[in-house]
Amino acid sequence: MPYHKDKQQAFQAAQQGFEDAQGLYAEIVRDSASYGHQLKHLKNEVNEAFQQIENALENASEHQRAQLERFQQDLRSIVNEVNME
């Protein structure tokens, strides 16, 4: 049972990290004076989310793996959009 619990906790941490990064991205104000600071904070959150996803992928179930891969794709989209600005 502890293995299953660890797997679930890893998935939940990855999901939370993804949601945090997504939320920050949605709140960025591109023409504000603090844009650079917001961008730096977003970069840290995205990197942390990627790390949490990688950790969760190590022992994810099939369903979790599919969801985690979608999180990765969505984070890459955020990174690409920010880099194009």
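As the structure is a computational prediction, the values presented were derived from the model and not from experiment.

Rules behind the numbers
- Residues numbered from 1 in each chain as written.
- Predicted model: local features only at pLDDT ≥ 70, side-chain atom pairs only at ≥ 80, totals over all residues.
- Heavy atoms only, no water.
- Helix = DSSP H or I, 4+ residues; strand = E, 2+ residues; numbered from the N terminus.
- Buried < 20%, exposed > 50% of the residue type's maximum accessible area, 1.4 Å probe, protein only.
- Contact = heavy atoms within 4.5 Å.
- Phe/Tyr/Trp six-rings, centres within 6.5 Å; stacked < 30°, edge-to-face > 60°.
- Core = buried A, V, L, I, M, F, W, Y, C linked by side-chain atoms within 4.5 Å.
- Axes fitted to C-alpha atoms, helices over the stretch in contact; angles between N-to-C directions.
- Parallel < 35°, antiparallel > 145°, perpendicular 65-115°, else oblique.
- Left-handed = near helix turned anticlockwise from the far one by under 90°.
- Nonpolar A, V, L, I, M, F, W, Y, C, P; charged D, E, K, R; others polar.

Visitor: Help me understand the overall build of the protein, please; the structure alone is not making it clear to me.
Guide: What the protein contains, in helices and strands, is three helices and zero strands. Traced from its N-terminal end to its C-terminal end, the protein shows the element sequence α-α-α. Looking at the 85 residues of the protein, the share that counts as buried comes to 34%. Long-range contacts, defined as pairs at least 24 residues apart, comprise 66% of the intrachain contacts of the protein with a sequence gap of at least 6.

Visitor: Hey, could you run me through the packing of aromatic side chains in this one?
Guide: Note on aromatic pairs: each is described by the distance of the centres and the angle between the planes. Tallied over the entire structure, the rule returns two aromatic pairs. Centre to centre, the rings of Phe18 and Phe71 are 4.4 Å apart; their planes meet at 15 degrees, and the pair counts as stacked. In this pair, Phe18 sits in helix α1 (residues 2-27) while Phe71 sits in helix α3 (residues 62-84), placing the two residues 53 residues apart along the sequence. The same class applies to Phe18 as to Phe71, namely buried. Chaining the aromatic ring pairs together yields one cluster made of Phe11, Phe18 and Phe71.

Visitor: How should I be thinking about the environment of Ile53 in this particular structure?
Guide: Tracing the backbone through its elements, the reader meets Ile53 in helix α2 (residues 35-57). Sequence separation of Ile53 and Phe71 is 18 residues, and the distance between their C-alpha atoms is 7.9 Å. In contact with Ile53, other than residues within four places in its own chain, are Ala14, Leu68, Phe71, Gln72 and Leu75.

Visitor: I tried to follow the nonpolar core on my own but got confused; where do I start?
Guide: The nonpolar side chains of soluble globular proteins are, as a tendency, buried together. Grouped together as the largest cluster of nonpolar side chains are 21 residues, with contacts concentrated most on Leu42, Ile53, Leu68, Phe71, Leu75 and Ile78. Going through the elements one at a time, α1, α2 and α3 are the ones with two or more residues in this core.

Visitor: Explain the packing of α2 against α3 here, please?
Guide: When two helices pack together, their arrangement is given by the angle between the helix axes and the distance between those axes. One way to put it is that α2 packs onto α3 with a least axis distance of 10 Å and a crossing angle of 160 degrees. Here α3 runs roughly antiparallel to α2, going by the angle between their axes. Handedness of the α2/α3 crossing: left-handed. Residues Leu39, Leu42, Val46, Ala49, Phe50, Ile53, Glu54, Ala56 and Leu57 of α2 form the contact with α3, whose own contacting residues are Arg65, Leu68, Phe71, Gln72, Leu75, Arg76, Ile78, Val79 and Val82. Of the residues assigned to the contact of α2 with α3, the class counts are 14 nonpolar, one polar and three charged.

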